[in-house]
Amino acid sequence: MTDQAALKITMGPVPYLWAGDKWRDFYYRVADSEDVDAVTLGEVVCSKRDHFIKPYLDDVVMRLTDAGKDVAVASLALVTLEREAIATRRLAAGQAMVEANDLSALRLLVGKPHRIGPFVNVYNGATAALLARKGASRICIGPELSATSIGSIIAGAPGVEFEVIAFGRLPLAISARCAHARAKGNTKDNCKFVCGEEPDGLDVDTLDGQSFLTVNGVQTMSRHCQVLLHDLGGLAKIGVTHLRLSPQDCDMVAVARLYAEVRDGALSAQEAMAALRNLYAAAPYANGFLHGQPGMKWVAA
C-alpha cells in the first residue's frame, strides 16, 4: 500500500510529432514544474521522427536532471529496421536510465538497472518478478488492465515501483504500416511527416459515424482521454507508486498541478475535473479499463 500523498507524478514521452523546438520547450517547462517528479522522454512511436528531437535531446535531459527530475529515455516500441536495431543497442549501452518498450531492448538491458514501458505486456506478478530479477526497477502497466489485476501484479513483485497512465489518450496498438500516412494519400516511405499536421492525433470514425479511435503515425490510440483523478486513493491503496501523464497538446504543466493538488488533498477530484475540462476539451474522458469496463466508458466516482 502506498500513501496517497506519496504518489509521484511522471511526465511521459510525447507520443505525437511536434516540431523540435516545441518539443524542447515543452520539457523545459516541465523541468521548471515543482509538481513533476519524474520524466520519461524520447521517440517511442516512429524512428523517422528522431531527427526532429535528436538535436535537443541531450540538452533537455541535462536541463531536467539539473532540475532534480528522475529522468529515463524510452526505447522504440517496434523495432523493424537495422538502423532501429542499431539505435536500440546504442541506447542500451549508454549511461542514461532506459525504459524498455520492446523485447529486443529488454534483452539488451538484462543485468543493468532499467524500467519497463507500457508496450511490454506484464499481465501477472510472476512476470513482474522475473523482470525485476533481470534489473527492472519500475514497470508502467499497460492501460487495459483493471485495478484488481494491477493490484495482483503489484502483490507478486514486492520492491518494484509501479506506474499507471493516469492522463492521456491510451496506446492501444502499433504497426509496421502507417495508417496516418495512408489516410493522407501517402505511403510510409514517403509519408512527408503528415502526422505532424495533427499534434494531438488524427481522430477516426467507424463507417456509421461513431467516434472510435485516434491514429498517430503507426500507432493506434484511444479516442478517449484516460482521466484517473477520482481514483488516486484506490491506486495508492493497491500499491501504485507513480502516475504517468501522457502529453497531449495542451498545458500539461497545469494538468500536473491539478493531479498534484488532488493527491495532496488541496483540491477535490470534482473541482479538478471542472478545471481540467477548460485545459483539455479535445477528447471525451474515460476510465473504464481501470474499473473492469470497456475502456471508453466513464465510471462515476
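Residues numbered from 1 in each chain as written. Predicted model: local features only at pLDDT ≥ 70, side-chain atom pairs only at ≥ 80, totals over all residues. Heavy atoms only, no water.

Colleague: When you look at empty space enclosed by the protein in this model, what are you seeing that I'm missing?
Modeller: Where empty space is left becomes clear once a probe the size of a water molecule has been rolled over the atoms. Using the criterion set out here, one finds five cavities of 30 Å³ or more in the structure. Around the largest cavity, the lining comprises 16 residues; the ones closest to its centre are Pro 13, Pro 15, Phe 119, Pro 171 and Ser 246. Elements with a minimum of two residues in the lining of the largest cavity: β7 (161-174) and β10 (219-227). In terms of residue count, β7 provides more of the lining of the largest cavity than any other element does, three residues in total. For the lining of the largest cavity, the class distribution of residues is 10 nonpolar, three polar and three charged. Volume-wise, the second largest cavity comes out at about 110 Å³. Its residues placed into classes, the lining of the second largest cavity shows eight nonpolar, two polar and three charged. (1 Å grid on protein atoms, 1.4 Å probe; cavity = no way out; pocket = protein on both sides within 12 Å on 5 of 7 lines; lining within 4 Å. Points joined across faces, edges and corners; volume = space filled by probe spheres on them. Helix = DSSP H or I, 4+ residues; strand = E, 2+ residues; numbered from the N terminus. Nonpolar A, V, L, I, M, F, W, Y, C, P; charged D, E, K, R; others polar.)

Colleague: I'm lost on the packing of helix α9 (residues 252-263) against helix α10 (residues 269-279) in this one. Help?
Modeller: Helix-helix packing: each pair is described by the crossing angle between the helix axes and the interaxial distance. The contact between α9 and α10 brings their axes to 10 Å, and the two run at 175°. Comparing the axis directions of α9 and α10 gives the class roughly antiparallel. Counting all contacts with α9, which are made through Ala 254, Val 255, Leu 258 and Val 262, the residues of α10 involved are Ala 269, Ala 272, Ala 275, Leu 276 and Leu 279. Across the contact of α9 with α10, the residue classes tally to nine nonpolar, no polar and no charged. (Axes fitted to C-alpha atoms, helices over the stretch in contact; angles between N-to-C directions. Parallel < 35°, antiparallel > 145°, perpendicular 65-115°, else oblique. Contact = heavy atoms within 4.5 Å.)

Colleague: Is there a simple way to think about the side chain of Asp 102 in this case?
Modeller: Its place among the elements puts Asp 102 in the loop between β4 (98-100) and α4 (103-108). One buried charge, Asp 102, has no salt-bridge partner; the nearest side chain with opposite charge is Arg 107, at 8.4 Å. (Buried < 20%, exposed > 50% of the residue type's maximum accessible area, 1.4 Å probe, protein only. Lys, Arg positive; Asp, Glu negative; His and termini not counted. Salt bridge = Lys/Arg side-chain N within 4 Å of Asp/Glu carboxyl O.)

Colleague: Which parts of the structure should I look at to understand the layout of surface pockets?
Modeller: Its volume calculated, the largest pocket comes out at about 740 Å³. Contributing to the lining of the largest pocket are 22 residues, with Asp 50, Lys 54, Leu 57, Ala 87 and Leu 91 lying nearest its centre. Within the residue set of the lining of the largest pocket, elements represented by two or more residues are α2 (50-66), β3 (70-74) and α3 (82-93). Considering only residue class, the lining of the largest pocket consists of 11 nonpolar, four polar and seven charged.

Colleague: Just to check I follow, could you spell out the pairing of strand β2 (residues 38-41) for this structure?
Modeller: Of the two faces of β2, the one carrying Ala 38 and Thr 40 and the one carrying Val 39 and Leu 41 are both buried. Regarding topology, helix α1 (residues 20-31) serves as the crossover connection from strand β1 (residues 8-11) to the parallel β2, and that connection is right-handed. In terms of strand pairing, β2 meets β3 through four bridges, oriented parallel. Across the sheet, Ala 38 pairs through a bridge with Asp 70, a residue of β3. Each parallel crossover has a hand, and for β2 linked through α2 to β3 it is right-handed. (Right-handed = clockwise from strand over helix to strand, strands pointing away. Pairing = 2+ DSSP bridges.)

Colleague: What is the right way to look at the nonpolar core in this model?
Modeller: Inside soluble globular proteins, nonpolar side chains tend to come together where they are buried. Tyr 27, Phe 167 and Tyr 259 are the most contacted members of the largest nonpolar core, which has 70 residues in total. For this core, the element with the most residues is α9, which contributes seven residues. The contacts of Tyr 27, once residues within four sequence positions are left out, are Met 11, Gly 12, Pro 13, Val 14, Val 39, Thr 40, Leu 41, Val 60 and Leu 64. Counting residues in each nonpolar core, the second largest holds seven residues, with Val 45, Cys 178, Ala 181 and Cys 191 among its members. (Core = buried A, V, L, I, M, F, W, Y, C linked by side-chain atoms within 4.5 Å.)

Colleague: Just checking my understanding: could you explain the pattern of salt bridges for this structure?
Modeller: Pairing is possible between side chains that carry opposite charge, provided their charged atoms lie close to one another. Considering all chains together, one arrives at 22 salt bridges under this definition. Note that Arg 263 and Asp 37 form a salt bridge whose closest N and O atoms lie 3.9 Å from each other. Of this pair, Arg 263 sits in helix α9 while Asp 37 sits in the loop between α1 and β2, and the two are 226 residues apart along the sequence. For Arg 263, a relative accessible area of 12% gives the class buried.

Colleague: Please clarify how the pairing of strand β8 (residues 202-205) should be interpreted in this entry.
Modeller: A regular strand places its side chains on the two faces of the sheet in alternate fashion. One ladder, built from four bridges, connects β8 with strand β9 (residues 211-216); its direction is antiparallel. Bridge assignment links Asp 205 to a residue of β9, and that residue is Ser 211. The turn joining β8 and β9, which pair antiparallel and follow one another in sequence, is formed by five residues; a positive phi near 85° is taken by Gly 209.

Colleague: Would you explain the side chain of His 114 in this entry?
Modeller: Its place among the elements puts His 114 in strand β5 (residues 114-116). Looking at His 114, its side chain comes within polar contact range of the main-chain oxygen of Leu 109, at 3.4 Å. Here the side chain of His 114 touches Lys 112 through a polar contact of 2.6 Å, landing on its backbone oxygen. Not counting chain neighbours up to four residues away, the residues in contact with His 114 comprise Met 97, Val 98, Leu 106, Leu 109, Lys 134, Gly 135, Ala 136, Ser 137 and Arg 138. (Polar contact = N/O pair within 3.5 Å; in protein donor to acceptor, adjacent residues only side chain to side chain.)

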